[in-house]
Amino acid sequence: VYKRQTFDKAFFIVPALAIRTDFENHITNKTKAGFHVEFFDHGNKSTAAVFDWVAQGYGELFTKSYPGIDAGEDTDPDKMPDASAHLHHMDMLT
């Protein structure tokens, strides 16, 4: 089962991501706004799964300009908002 998971708020840069589950997983299309994940059972078949995930990166992606930071533009990390983290428990739907 293939799942697109979006973050509540987009990060300023693509965040680091960790997933915890009892199944093998394949993470693809990791962006500032979310990621795709697919889980595989012990027979290597795609399956539904319950998983926990955490994403950590710098700040939020702004939709307006702030002094020294243009919307969506990578810049000096010292001028970026504080680091943010999103932690969720997700029930996979079939």
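Keep in mind it's a predicted model, so treat the numbers as computed, not measured. (Residues numbered from 1 in each chain as written. Predicted model: local features only at pLDDT ≥ 70, side-chain atom pairs only at ≥ 80, totals over all residues. Heavy atoms only, no water.)

Go over the packing of aromatic side chains, please, and point to the residues and values.
Counted according to the given criterion, the structure contains five aromatic pairs. Taking 5.5 Å as the distance between ring centres and 45° as the angle between the ring planes, the aromatic pair formed by Phe 7 and Trp 53 counts as tilted. Of the two residues, Phe 7 sits in the loop between strand E1 (2-6) and strand E2 (16-20) while Trp 53 sits in strand E6 (residues 50-58), which places them 46 residues apart along the sequence. Given the relative accessible area of 7%, Phe 7 is considered buried. Pairing Phe 35 with Trp 53 gives two aromatic rings, centres 5.6 Å apart and planes at 75°, and the pair type is edge-to-face. Taken together, the residues Phe 35 in strand E4 (residues 34-40) and Trp 53 in strand E6 connect sequence positions 18 residues apart. The buried category is assigned to Phe 35, whose relative accessible area is 0%. What links up through ring pairs into an aromatic cluster is the set Phe 7, Phe 11, Phe 35 and Trp 53. (Phe/Tyr/Trp six-rings, centres within 6.5 Å; stacked < 30°, edge-to-face > 60°. Helix = DSSP H or I, 4+ residues; strand = E, 2+ residues; numbered from the N terminus. Buried < 20%, exposed > 50% of the residue type's maximum accessible area, 1.4 Å probe, protein only.)

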